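# Fold and geometry: a report
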Amino acid sequence: KDLTCALSHARLVDPVRIPGVDGKVFSRASVEAAVDEGKDIEGVEDTAGLKERLVADPEYQRLLASNPSSLSCDVWDEGAANAAAKAKRLGRIAAAQQAAAAAAAAAAGGGGAEGAGASEGGEAAAAAAPAEAA
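Now for a quick tour of the structure. (Residues numbered from 1 in each chain as written. Predicted model: local features only at pLDDT ≥ 70, side-chain atom pairs only at ≥ 80, totals over all residues. Heavy atoms only, no water.)

### Some points on the environment of Leu-12
Defined as follows: Under the DSSP-based scheme used, a helix requires at least four consecutive residues in state H or I and a strand at least two consecutive residues in state E, with every element numbered from the N terminus. Only heavy atoms enter the contact rule, under which two residues are in contact if any of them lie within 4.5 Å.
Here Leu-12 shows up in the segment before strand S1 (15-17). Linking Leu-12 and Ala-29, residues 17 residues apart in sequence, is a C-alpha distance of 9.7 Å. Those residues in contact with Leu-12 that sit more than four places away from it in its chain are Asp-2, Leu-3, Thr-4, Cys-5, Val-25, Phe-26, Ser-27, Tyr-60 and Leu-64.

Take a look at the structure:
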């Protein structure tokens, strides 16, 4: 089943049906906003008292509860995609900051002596290589 609102085309939130409008499921907030703004809703002739006539749809409520992270919507939600990308970038930044802090702590806690020895050994090996080549 499609988990998008027939009015906003966004993922359903608080799914409801409008009596007399067959086969369509709406998000309560989308219907209420359309009524408040005086927008037409396909299949609805009279919006007077429509907010009070909305009927919760328990089948869609169960579907949404069983698919909480489902993003299988027909419409691309750019805001959600941008938020997800930002969270991913922030996660990478945090991981890099933690790794840098750990490296700095290791260098300050005695790891620096081993690093110096390895560097000197590397320099000695590099100096010996040209002598062997000659």
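### With respect to helix H1 (residues 28-37)
Applied cut-off: Between buried and exposed lies partly exposed: a residue is buried under 20% and exposed over 50% of the maximum accessible area for its type, with that area taken using a 1.4 Å probe on protein chains only. Working definition: the arc comes from the directions between the helix axis and the C-beta atoms, pointing outward to the latter.
Those residues of H1 that sit buried are Ser-30, Val-31, Ala-34 and Val-35. Buried residues of H1, viewed axially, fall in a sector of 130 degrees; they line one side. For H1, the exposed residues lying more than 90 degrees away from the buried face are Ala-29, Asp-36 and Glu-37. Check the buried side of H1 and you find it contacts strand S2 (26-27) and helix H2 (50-53). After H1 finishes, the residue Gly-38 shows a positive phi value of roughly 75 degrees.

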